[in-house]
Amino acid sequence: VGARLSLRNDSFDGQSTTDGCTAAGVLYNTNTIDQFKNLDKRELLNEMGKSILDDITSGRATENPELLVRFILLSFADLKRHKYY
């Protein structure tokens, strides 16, 4: 299965492209593996779902369908051991 979301070097310049779509997202980078494991992932998904539902019920998603394409990226990089989660 291919990547669900791909980012290129020009993904962060704020310009629209004809070969992709905008996907707003949130990056949660934790400092320790314990923070990563203990992060309430269910709550993060619930918050994102509530935002999307609010955009649908308010009509904002009809005006701007890109609001429906969102992501959450959780990360922890153990730079000493070269392990990435």
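Residues numbered from 1 in each chain as written. Predicted model: local features only at pLDDT ≥ 70, side-chain atom pairs only at ≥ 80, totals over all residues. Heavy atoms only, no water.

*Asks:* Which parts of the structure should I look at to understand helix α2 (residues 41-58)?
*Replies:* An α-helical turn contains 3.6 residues, so any two residues separated by three or four positions project in the same direction. Relative to the 26 Å expected for 18 residues at 1.5 Å per residue, α2 spans 26 Å between its end C-alpha atoms, a close match to the ideal helical length. Leu44, Met48 and Asp55 are the residues of α2 that are buried. Buried positions in α2, seen along its axis, are confined to an arc of 30° and lie on one side of it. Summarising the geometry of α2, the exposed residues directed more than 90 degrees from the buried face are Arg42, Lys50, Leu53 and Thr57. Buried residues along α2 sit against β1 (24-29), α3 (60-63) and β2 (70-75). Immediately downstream of α2, the backbone of Gly59 shows phi near 95°, a positive value. (Helix = DSSP H or I, 4+ residues; strand = E, 2+ residues; numbered from the N terminus. Expected span 1.5 Å × (residues − 1). Buried < 20%, exposed > 50% of the residue type's maximum accessible area, 1.4 Å probe, protein only. Arc of directions from axis to C-beta. Contact = heavy atoms within 4.5 Å.)

*Asks:* Help me understand the environment of Phe71 in this model?
*Replies:* On the secondary structure map, Phe71 appears in strand β2. Given the relative accessible area of 21%, Phe71 is considered partly exposed. Beyond its immediate chain neighbours, meaning those up to four positions away, Phe71 contacts Leu5, Ala23, Ala24, Gly25, Val26 and Met48.

Scope: geometric values only; no functional claims are made or implied.
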